[in-house]
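# Breakdown of the fold
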Amino acid sequence: MKNSNEANLYFLAVIPPEPILGECQAHKNHFYEKYNSKASLNSPPHVTVHMPFKLRESKEDQLVEVISRGVNDLSNFSLQLDGYDHFGQRVIYVKVVDSEPLLALFLKVRKVMKVNFNIFNADYKNRGFNPHITLAFRDLKREAFKEAWPEFEKATYDKSFEVQSLVLLKHDGEKWLQFKKFRFKG
């Protein structure tokens, strides 16, 4: 039995609906099968809204309540995806078009986490909010990147979807699982 003072890992994300979810998962599988990049397979395709953080299991109910209250007044919004890009020579991703509602969601969640849990790591290494859907993660070797990037560099991926919820993911020791979905008011 787990000690209630033991910390769990969580993060908050927007998870696209089908068919986008399946298409992005197929890309992740492709990077694993062809280029041996498997780290992105540890989570469903998603747009990170708050980076992973640790929280004691005893605070889990409070976390769910606080997030629920924090986002229950938000309205659904459309999110546009537009092609592919990369960070350095290790991460290849689907680009998310700048979105005021998505930025507002990020800022709201960041504030909720700071005020209620004293958690300050909303974005990656304080580099600001850069929404994307990771397909190949940092375990993609540089040599493999040089082969893989030309496949995606000029490829098009023009999709959009309605964001209707925020998802809390929890790490089970091996991978990230969807733990709780917070629906917006509509």
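Our subject is the structure that appears above.
Heads up: these notes are all about the structure in this document.

### Quick look at helix α2 (residues 60-71)
The first and last C-alpha atoms of α2 sit 17 Å apart over 12 residues, in line with the 16 Å expected at 1.5 Å per residue. If you follow the buried residues of α2, they end up packed against β1 (7-14), β2 (47-56), α3 (100-117), β7 (165-171) and β8 (176-183).

### A closer look at the sheet that holds β2
Strands sit in the order β2-β1-β7-β8 across an open sheet of 4 strands; the sheet is antiparallel. Of all strands in the sheet, those bounded by a partner on one side alone are β2 and β8. Along the sheet, successive strands turn relative to each other by an average axial angle of 25°, direction set aside. Note: β1 against β7, 4 bridges, orientation antiparallel.

### Notes on the packing of aromatic side chains
Taken as a whole and assessed by the stated rule, the structure comprises 10 aromatic pairs. Where F31 meets F152, the ring centres are 5.0 Å apart and the plane angle is 25°; that geometry is what we call stacked. Residue F31 is located in helix α1 (residues 20-35), and its partner F152 is located in helix α4 (residues 142-153); the two are separated by 121 residues in the primary sequence. Of the two residues, F31 and F152, both sit in the buried class. An aromatic cluster of at least three residues, connected via ring pairs, comprises F31, Y35, Y84, F152 and Y157.

Scoring rules and cut-offs
Residues numbered from 1 in each chain as written. Predicted model: local features only at pLDDT ≥ 70, side-chain atom pairs only at ≥ 80, totals over all residues. Heavy atoms only, no water. Helix = DSSP H or I, 4+ residues; strand = E, 2+ residues; numbered from the N terminus. Expected span 1.5 Å × (residues − 1). Contact = heavy atoms within 4.5 Å. Pairing = 2+ DSSP bridges. Axes fitted to C-alpha atoms, helices over the stretch in contact; angles between N-to-C directions. Phe/Tyr/Trp six-rings, centres within 6.5 Å; stacked < 30°, edge-to-face > 60°. Buried < 20%, exposed > 50% of the residue type's maximum accessible area, 1.4 Å probe, protein only.

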